[in-house]
Amino acid sequence: MILFCLPYAGGEETIYYKWKKHLNPSIQLQPIKLKARGKRFNESFYESLEEAVEDIFQNIKDKIVDDEYAIYGHSMGGLLAYELYYKISSENLRIPKHIFFSGYKPPNIIRKEKHIHMLPDEEFIKEVIDLGGTPEELVENEELLQLFIPILRSDFRILENYIYREKKDKIQCDISVLNGKYDDITLEEILAWKNYGDKVFKAYNFEGNHFFINTNVESITELINKILVQ
């Protein structure tokens, strides 16, 4: 069983590395490396969310032919996971056994936030912080923050320019929705994910805010083990 993990806006695949020691040995952790960050730092930014999904698909398509797999996406990664499912399905390839949507509202819910990706750096970062859109350790390190501003700006641009299009078919695998108790996503919005699939749906609350995945590693991986290892 492969577990593909997609990061939040501004995040790298390294945010998932600490999961490895807690996951069942039968689960092969494969965090996805996105362009313009980490080991792909020298590559250009994505022009659209669709381009990001295509890039991710090209990087995993050969790995999903023979093996069962699941997808976990947090925040921006949740939207990428949603669109990735339909890209895989459209190519008539093996669909995932399970999708974990983490810290993200259903894609049809119109974002009330104004478009912020075009703001000057100082205003942009203030808005990102106000939205709970970046981890505290990044905010508190000015030098690191300056390095990440272009990545954050690019990620917010593709999110804010994303246009939801209703899909003909519902998701044909089990869905889990994970959320932080103190995030601003409502119970109604969490439960609305149920309308996107035809299989088993469950929702889970964890202590913490939007970045609950950074403070609940053992609880989340225990849940993943329980769901994927049967």
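Residues numbered from 1 in each chain as written. Predicted model: local features only at pLDDT ≥ 70, side-chain atom pairs only at ≥ 80, totals over all residues. Heavy atoms only, no water.

Our focus in this paragraph is helix H3 (residues 121–130). Residues spaced three or four apart along an α-helix point in a common direction, a consequence of the helix completing one turn every 3.6 residues. Buried residues of H3: Phe 124, Ile 125 and Val 128, and no others. Within H3, the buried residues cover an arc of 95 degrees as seen down the axis, which keeps them to one side. Across from the buried face of H3, at angles greater than 90 degrees, the exposed residues are Glu 122, Lys 126 and Asp 130. Considering only its buried residues, H3 is in contact with helix H5 (142–160). (Buried < 20%, exposed > 50% of the residue type's maximum accessible area, 1.4 Å probe, protein only. Helix = DSSP H or I, 4+ residues; strand = E, 2+ residues; numbered from the N terminus. Arc of directions from axis to C-beta. Contact = heavy atoms within 4.5 Å.)

This part is about the packing of aromatic side chains. Applying the stated criterion to the full structure yields 14 aromatic pairs. Relative to Trp 19, the ring of Tyr 16 has its centre 4.9 Å away and its plane inclined at 85 degrees; by these criteria the two rings are edge-to-face. Accessibility expressed as a relative area gives 0% for Tyr 16, which makes it buried. Ring geometry for Phe 101 versus Trp 193: centroids 4.0 Å apart, planes at 10 degrees, classification stacked. Of this pair, Phe 101 sits in strand S4 (residues 98–102) while Trp 193 sits in the loop between helix H6 (187–191) and strand S6 (201–206), placing them 92 residues apart in sequence. Across this residue pair, the class does not change: Phe 101 and Trp 193 are buried. An aromatic cluster is present here, built from Tyr 82, Tyr 85, Tyr 86, Phe 101, Trp 193 and Tyr 196 joined pairwise through their rings. Against the face of Phe 57 rests Lys 87, its NZ or CZ located 5.2 Å from the ring centre. Looking at Arg 153, its charged tip hangs above the ring of Phe 124, at a distance of 4.6 Å from the centre. (Phe/Tyr/Trp six-rings, centres within 6.5 Å; stacked < 30°, edge-to-face > 60°. Lys NZ or Arg CZ within 6 Å of the ring centre and 35° of its normal.)

Within the open sheet, the six strands sit side by side as S2-S1-S3-S4-S5-S6. Their pairing is parallel. At either end of the open sheet lies a strand with only one pairing partner, and these are strand S2 (28–31) and S6. Averaged over all pairs of adjacent strands, the angle between strand axes in this sheet comes to 20 degrees, irrespective of strand direction. Strand contacts of helix H2 (residues 76–90): strand S1 (2–6), strand S3 (69–74) and S4, with the helix running at about 145 degrees to S3, the strand carrying the most contacts. (Pairing = 2+ DSSP bridges. Axes fitted to C-alpha atoms, helices over the stretch in contact; angles between N-to-C directions.)

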